[in-house]
Amino acid sequence: MQRAVGSFISHGRIVKSLVLQHVRVVNPIAQTLVRHNSTSAARMEEHGFEKTIISDVLKSKGKSADGSWLWCTTEDSVYDAVKSMTQHNVGALVVVKPGEEKSIAGIITERDYLRKIIVQGRSSKSTKVGDIMTEENKLITVTPDTKVLKAMQLMTDNRIRHIPVIGEKGMLGMVSIGDVVRAVVSEHREELDRLNAFIQGGY
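Everything in this summary refers to the structure shown in the same document. (Residues numbered from 1 in each chain as written. Predicted model: local features only at pLDDT ≥ 70, side-chain atom pairs only at ≥ 80, totals over all residues. Heavy atoms only, no water.)

A closer look at a nonpolar patch on the surface
Nonpolar side chains collect at one region of the surface, where L114, I118 and V119 lie side by side and expose about 300 Å² of accessible area between them. Structurally, L114 can be placed in helix α6 (residues 110–118). What makes L114 partly exposed here is its relative accessible area of 47%. (Patch = residues over 30% accessible without salt bridge, like charges linked within 9 Å, V, L, I, M, F, W, Y side chains within 5 Å. Areas by Shrake-Rupley, 256 points an atom, 1.4 Å probe, with all protein chains shown as cover. Salt bridge = Lys/Arg side-chain N within 4 Å of Asp/Glu carboxyl O. Helix = DSSP H or I, 4+ residues; strand = E, 2+ residues; numbered from the N terminus. Buried < 20%, exposed > 50% of the residue type's maximum accessible area, 1.4 Å probe, protein only.)

A closer look at the nonpolar core
If you look at the biggest cluster of nonpolar residues, it comprises 16 residues, and the most contacted ones within it are I54, V148, V175 and V180. Those elements that provide at least two residues to this core are α4 (54–61), α8 (148–157), β5 (162–167) and α9 (177–199). In terms of residues, this core owes the most to one element, α8, which gives five residues. Excluding its chain neighbours within four sequence positions, the residues that come into contact with V148 are T52, I53, I54, V57, V180, A183, V184 and E187. Counting 15 residues, the second-largest nonpolar core is a separate cluster that includes V82, V95, I117 and I132. (Core = buried A, V, L, I, M, F, W, Y, C linked by side-chain atoms within 4.5 Å. Contact = heavy atoms within 4.5 Å.)

Okay, structure coming up:
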């Protein structure tokens with residue numbers, strides 16, 4: 001997965017480079033436009049690659065972004081946490097302290113369940129989430145203003161598939177590697193459309 005994501009980012013940059021090379025070398029009309037129409041060039045630059053931020057991803061997720069069902073408490077059983085993941089088709093839950101829904105204590109994932117319960121032969125019904133979760137001080141998080149490519153890099157470098165979003169007032173939601181990849185694909189597609197319009201004189 002990490003190799004595929006890395007290849008995707010590299011491919012996107014290569015495509016952009018080739019399109020801009022086309023503007024400079026192949027299309028003299030567009031080249032003249034770049035030299036003499038600084039306003040148009042500035043507008044294209046404003047829309048450049050890698051502008052989407054995590055808050056945009058949360059907005060696109062709609063109601064599911066607030067994560068009212070994406071959390072459990074440190075006192076819940078691992079069994080109940082895994083049951084919630086299954087019911088909502090997610091791979092991780094944010095963990096909070098009882099009665100403190102906006103104060104994150106850690107995160108529990110499918111990987112935690114497999115490695116710390118199944119492999120070790122422990123009982124999911126008698127083990128508390130707080131006993132196997134990744135604690136807050138070891139947690140990797142992003143803010144609403146983090147760029148999606150930065151979030152993707154954090155996730156691939158640390159081999160994680162889910163990352164909590166923390167704002168000034170606490171927990172805002174959680175995004176997955178799938179959410180981030182979809183956002184980057186959409187952004188690159190829109191940017192290529194803008195570059196194509198620029199070449200054809202649409203700016």
